[in-house]
Structure formats: C-alpha cells, structure tokens
Amino acid sequence: MNKSIKIICVFAVMTIITVVSCTDLSETLYSEIESSKFYQTEKEIISALVPAYADLRVLCHLRGCGTMETFSTDEALLPTRGRHWYDGGNFQRFSEHTWTPEVVYINTAWTQQFQMVNRANMLIYQFSNLKNMDPDLKDAFTAELYCIRALGYYNLLNSFGNVPIVDRFDVPQGYQPSNNADFQQGRKDVFNFIENDLLNNIDKLSDKQNSSTYGRFNKWSAAALLTKLYINAQVWTGTPKWDEAITYADMIINSKIFSLEPNYFANFFAQNEGSKENILVVPFDEYRTGSGWGSNNTVFFYLCGQHHQGRKIFNVPHAATSGSCAIPSFYKSFDENDVRRNGWSVGPQYDMSTGQPILCTEESAPNPLVYTVDFENIYNPSDPSVYDHKNALEYQGARLVKYQIDYDGNGMSNDYAYIRYSDILLLKAEALIRKNNGVATQDAVDLVNLVRDRAFNKDASKHYTIATLTLDQLCKERGWEFYHEGFRCNDLVRFGKFVRGTWEFFDRSAESDNFNVYPIPQRQINANPSLKQNPGY
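Computed from a predicted model, the values in this text were never measured in an experiment.

Draft legend 1. Up close: the overall build of the chain. Per the secondary structure count, the chain includes 19 helices and eight strands. Counting only residues that meet the buried cut, the chain has 58% of its 537 residues in that class. When contacts within the chain are restricted to residue pairs at least 6 apart in sequence, those whose partners lie at least 24 apart make up 71%. Of the roughly 21600 Å² of accessible surface on the chain, a fraction of 50% belongs to carbon and sulfur atoms.

Structure below.
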C-alpha cells in the first residue's frame, strides 16, 4: 500500500482551507449552491469529507483528550522541570487528580470533540439537501459522517458522562439550548445515541480495507468502535454487553483482513500506512498536514518528550522541550525481555552525527545526559531535594520513542494508530473473562497469548494460563501494549483502578469515585447555565 490516499486527502484539506479563508460561509451561501454542479463524483464527495476527517487529528492532541487519557494515569506524566512545563500547574493537577472545572485543557477536550460532532452534522445536513447527488454515494458517505459523529460522542461520553446531544445542524431560528428540557442527556441516553449511529450505518459502509478507505470509516473501523463501546457498557450504562462486544470483535477477527504485525513497532513507523494491524488511523504528513503542535500532532511524540538536545540525538533540525516521560513504576513493570519496553529510551544519550555523549544543559550541566527511570539526582546522591511531578531534573524519566522519530522541522509522517487489531483481540478476551464471572477461559488465554507471543518472540514460557490470566493481569497487559495510545484512563476506569490509584507521586487515597469522569468545563456552564455540573465538582 502506498500513501496516495493520504496525499490526496491532505492536499484537499489545504485546498479547502484556502477557499474557506477568503469566503463568507454564511447560511445564505449554502442555500445558493447549485447542487447540479457539486458532489456528483466520489472524488468530489471525498474532498467535502476532508474537514470532518481533519477534526480527528485532535485525538492525539497534547492539550485535550490526549492529556486526560494519558497524564492522569499510571503510565506517564508531564512534570515541571525548572522553568519548563509548569503551565499554571495544570499538568501537575492531572498527575494528582486534583483538576477542577476551570482547567483549560478539559475545556479544550470538550470543544475539540464537539467540533467533530458539529462538523459531521453540518455535512450531513448539506448532503441531505443536495437533490442531484447519486443516492448510493450519498448513503455511503453520509454513513461515514454518522460514524465520525459517533466517535466524537464516544470520547465525550468517556470523559464527561452526561453531555448535550446535538443531532442536527439546521436548528430553528432563535433556538436556545437552555429552552430544551432534554438538552443534557444522561450517560445511558448518550450511549444509546452512539450505538444507534453506528448500528444504523455500519452496513452502508465500504467493506474494503485498502488505500481507498485508508484513514476513513469503513465497516471494520465501525465494528471496532462498537467493540470498544460495548466493552464499556457496564460502566457507562449499568448493563453489561459482553456478547455484543464479542460479536463485533468476531466480525473483525473472522474477516481475516487484519493480522498482528511481526514487528510491534511497525505500527508506529514514519511510513506505517502499510500496517496490517492498524484498523483506524489518523493520517499525518510532514508537509501536507502542516507544522507545529496544533496541526501535525504526531510530532508531539518528539517535541514534548525528548530533551532540548534531541536535535542531536536524532539528527533533526529543532530542539525538543524535555517534557513527558514514563512513571517509574510503569517502566519497571515491563518484563526486561518484553520488546515493547524498547518504546522507552533510557540511559546515556549520544550525538547521532559524532557519536559523542550529549551533555545536560541546565541544572545538571555539564554532566552527561542520562535518561534515568527513577527521579533521583545521580550526580549528587546526597541531594536532599524531593524530585517528583512538581520538581524534576532535565534527565529524569524514560522518554517515549515508540513512534519512530523522523522529523525535518515541519512535522512527522507517522499516522496515528487509533485502533489496532491487538486491541480487538484483547477486548474480546476481556469480554470472555467478564462474561465468565472474572475467570479466564481457554479462548481468552489463547487470544492474549497471540499478542504476548509477539512481545516475547514466541517464548512459550511467557504465556498465560487459565490460572494466571486474571483481570488485574489483563489490565497490566493492556498498559504494556497500548501506552501513549490514548485509552489508558478509559481502561483504568473500567478495571476499577483509576481513582485512588497508588502510582507515584501523589497520595490519591482519599479520592472520590466521582473523579471517574471529568467535570463539565466551567466555561461551558458560564456560556449555558442550563448545563448541570457532574457530581462532586
């Protein structure tokens, strides 16, 4: 598979952005479109869909859902290092679970996901009013938009629980959400809304898994999202749906289209569009999806985590910001023979061009730059300072290298692997265990061992058995397999390990169960007082 579809899509984004920047997009303009001249071919419709798919780039955004799903968990943190990354204490609050409705990144996550919903609603409305559009194409592409809307609501449901359901773009003149008694729906209602969007449209989607559907919703990515929805049904609605999760996992497994990549890291290469494992991806390109943190978000995996001297370590033109790192206990939880641990960089760092050791540049200069797992002063063992999420030295913490770093100063071309086949295998195993009252079945063991085989080069001594594959162990396995893939908070909540988590560096023992969901952002309540805050905030 080549990158032709990615290049077409991102080029269309640039074209549309250029047109929008000099066009008055008032409602009158939409009513004046001559439908006989637009959206008649598949290529034209794909171009219209590009802005909706571009909204998916926020899924790996540093300041939004990515922070909430990652830096609040047992796998990673973004510590304050001297004058770097204090950011008003916001990232410290995620590590501590002391966030409030005023934290700006919680509001960012809300607005990002509702933008996804609103864009999908807008295009659904536009397509429905095009009289001369081929009906088969209209059905197929509108189905994709419903799935994009479902994905936005999936993340809103996961993060916030009770949220407004907005199912239309053509609201009546003078409509005010505060006048609508059903404006803010309960978590079960939002779950049902997502489920209906997916079930009503999955059969209208393409069953192709090739360059023509790359980075878009097809039948298999919709089935994957349904699997992830149903595995969370008990937490989100009070009613388990293990059989439904198994059904849609089996749809993907029995298709024989997907398989585990022999090399775990092939899923995260700079040219990872050939992966047979990635089911739903968000395409990025170093040139065509723009530069910087806001438009080319896979560059975050370099810019945020690596030391300021990262340009020498990886022979790239720009310095990084020495931010995020692994929580020590998470890195130590890996078996030393688990290849997945190699997605974290530890130890001395060297100049790629000269082979010479890299030196620290700040508090510890001019000592060698050595990424340490623990937060300790290796150059002054008698240092009485406490090093933690509020006070870290420049070299402390293992750094993420899971996504191949191939950065030319514009961005990175690694496509973001949002849902992988290994996720489906482990979710089916989880559903089988939970259906069996928390006791592993042989089918569940076999599924987890498929994933485990790759991590340990088919070393059978590392296999689970019915006796050793517990739910607690499966939660750990998911952490080792999916770190920095944007679902750890979701997993920990489902396994009952998010609130009162015992990982360093803060005592969360008095935490309330209410913190299993985030607060409704205060900015949103200020804009619409009819929004009701989640309990405990």
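Draft legend 2. A look at the packing of helix α3 (residues 42-54) against helix α7 (residues 135-160). Viewed as axis vectors pointing N to C, α3 and α7 meet at an angle of 10°, and their least axial separation amounts to 11 Å. With respect to α7, the element α3 is oriented roughly parallel. On α7, the residues that touch E42, I45, I46, L49, A52 and Y53 of α3 are L137, F141, E144, L145 and I148. Taken together, the residues of the contact of α3 with α7 break down into nine nonpolar, no polar and two charged.

Draft legend 3. Layout of unusual backbone geometry. The omega torsion across A365 and P366 is 0°, close enough to zero to call that bond cis. With respect to the secondary-structure elements, P366 resides in the loop between β5 (347-348) and β6 (370-371). Cis rather than trans, the peptide bond between E504 and F505 has omega equal to 20°. Along the polypeptide, F505 turns up in the loop between α18 (488-494) and α19 (522-527). Residues other than glycine seldom take positive phi values, yet K256 does so here, at roughly 65°. With respect to the helices and strands, K256 occurs in the loop between α11 (242-255) and β2 (278-282).

Draft legend 4. A look at the side chain of N272. Take N272: it is sitting in the loop between α11 and β2. N272 gets classed as buried once you look at its relative accessible area, which sits at 1%. From its side chain, N272 meets the backbone oxygen of D415 in a polar contact 2.8 Å long. Leave out the neighbours within four places in its chain, and N272 touches Y214, A266, N267, N278, S413, N414 and D415.

Draft legend 5. Expanded view of the pattern of salt bridges. Taken as a whole and judged by the stated rule, the model has 28 salt bridges. Between K428 and D250 there is a salt bridge; the shortest N-O distance is 2.5 Å. Note that K428 is positioned in helix α15 (residues 421-435) and D250 in helix α11, a separation of 178 residues in sequence. Residues K428 and D250 agree in their burial class; the two are buried. Across the pair D513 and R500 runs a salt bridge, and its minimum N-O distance is 2.7 Å.

Draft legend 6. Region of the structure containing the pairing of strand β8 (residues 416-420). Counted residue by residue, β8 has five buried out of five residues, so it is predominantly covered. As judged from the four bridges shared by β2 and β8, these two strands associate in the antiparallel manner. Opposite V282, over in β8, you have Y416 as the bridge partner.

Draft legend 7. The environment of S324, seen in detail. Inspection of the secondary structure puts S324 in the loop between α13 (310-313) and β3 (325-326). Accessibility expressed as a relative area gives 4% for S324, which makes it buried. Residues S324 and H307 lie 17 residues apart in sequence; the distance between their C-alpha atoms is 9.7 Å. In this structure, S324 is in contact with F71, L77, L78, R81, C304, G305 and R399, ignoring residues within four places of it in sequence.

Draft legend 8. Looking closely at helix α16 (residues 442-455). The end-to-end C-alpha separation of α16 is 20 Å, in line with the 20 Å expected for 14 residues at 1.5 Å each. For α16, the principal kink sits at N449 and spans about 25°. Of all 14 residues making up α16, 10 are buried, and the element is well covered by its neighbours. The secondary structure elements touched by the buried residues of α16 are β8, α15 and α17 (471-482).

Draft legend 9. Here's a closer look at the packing of aromatic side chains. For the structure on display, the rule yields 36 aromatic pairs. Both rings, one in F301 and one in Y416, keep their centres 6.4 Å apart while their planes meet at 25°; by these two values the pair is stacked. Highlighted residues: F301 in helix α12 (residues 300-303) and Y416 in strand β8, separated in sequence by 115 residues. For the pair F301 and Y416, a shared accessibility class is recorded, and that class is buried.

Draft legend 10. Quick look at the packing of α15 against α17. The interhelical angle for the contact between α15 and α17, taken along N-to-C directions, is 170°, at an axis separation of 11 Å. By the angle class used here, α15 and α17 are roughly antiparallel. Counted together, S422, D423, L426, L427, E430, I433 and R434 of α15 and L471, L474, R478, E481 and F482 of α17 form the full contact between these two elements. Of the residues in the contact of α15 with α17, the class split is six nonpolar, one polar and five charged.

Draft legend 11. Focus on α7. Between its terminal C-alpha atoms α7 stretches 37 Å, which fits the 38 Å expected from 26 residues at 1.5 Å a residue. Where α7 begins, the capping side chain belongs to D134, and its oxygen is found 2.9 Å from the backbone nitrogen of D136. Where α7 ends, the next residue or the one after it, G161, has phi of about 80°, a positive value.

Draft legend 12. Representation of the environment of T227. Relative to the helices and strands, T227 resides in helix α9 (residues 219-231). By relative accessible area, T227 is classed as buried at 0%. Taking the C-alpha atoms as reference, T227 lies 9.7 Å from I252; in sequence the two are 25 residues apart. Discounting chain neighbours no more than four positions away, the residues touching T227 are A245, Y248, A249, I424 and L427.

Draft legend 13. Focus on the side chain of R508. With respect to the element layout, R508 can be found in the loop between α18 and α19. Buried within the structure, R508 lacks any salt-bridge partner; its nearest side chain of opposite charge belongs to E511, at an N-O separation of 5.6 Å. At 3.5 Å, the side chain of R508 forms a polar contact with the backbone oxygen of E504. Filtering out sequence-adjacent residues up to four positions away, R508 remains in contact with S95, E96, H97, R500, G501, T502 and W503.

Draft legend 14. A look at the confidence of the model for the chain. Summarising the model, the chain shows a mean pLDDT of 89, and 88% of its residues fall at 70 or more. Below pLDDT 50 for its whole length, residues 1-5 participates in 14 contacts with residues either more than four positions away or in separate chains. Segment residues 7-33: pLDDT under 50, and 20 contacts once partners within four positions in sequence are set aside and those in other chains are kept.

Reading the values: the criteria
Residues numbered from 1 in each chain as written. Predicted model: local features only at pLDDT ≥ 70, side-chain atom pairs only at ≥ 80, totals over all residues. Heavy atoms only, no water. Helix = DSSP H or I, 4+ residues; strand = E, 2+ residues; numbered from the N terminus. Buried < 20%, exposed > 50% of the residue type's maximum accessible area, 1.4 Å probe, protein only. Contact = heavy atoms within 4.5 Å. Areas by Shrake-Rupley, 256 points an atom, 1.4 Å probe, with all protein chains shown as cover. Axes fitted to C-alpha atoms, helices over the stretch in contact; angles between N-to-C directions. Parallel < 35°, antiparallel > 145°, perpendicular 65-115°, else oblique. Nonpolar A, V, L, I, M, F, W, Y, C, P; charged D, E, K, R; others polar. Polar contact = N/O pair within 3.5 Å; in protein donor to acceptor, adjacent residues only side chain to side chain. Salt bridge = Lys/Arg side-chain N within 4 Å of Asp/Glu carboxyl O. Pairing = 2+ DSSP bridges. Expected span 1.5 Å × (residues − 1). Bend = angle between axes of the 7 residues up to and from the residue. Phe/Tyr/Trp six-rings, centres within 6.5 Å; stacked < 30°, edge-to-face > 60°. Lys, Arg positive; Asp, Glu negative; His and termini not counted. pLDDT = per-residue confidence, 0-100.

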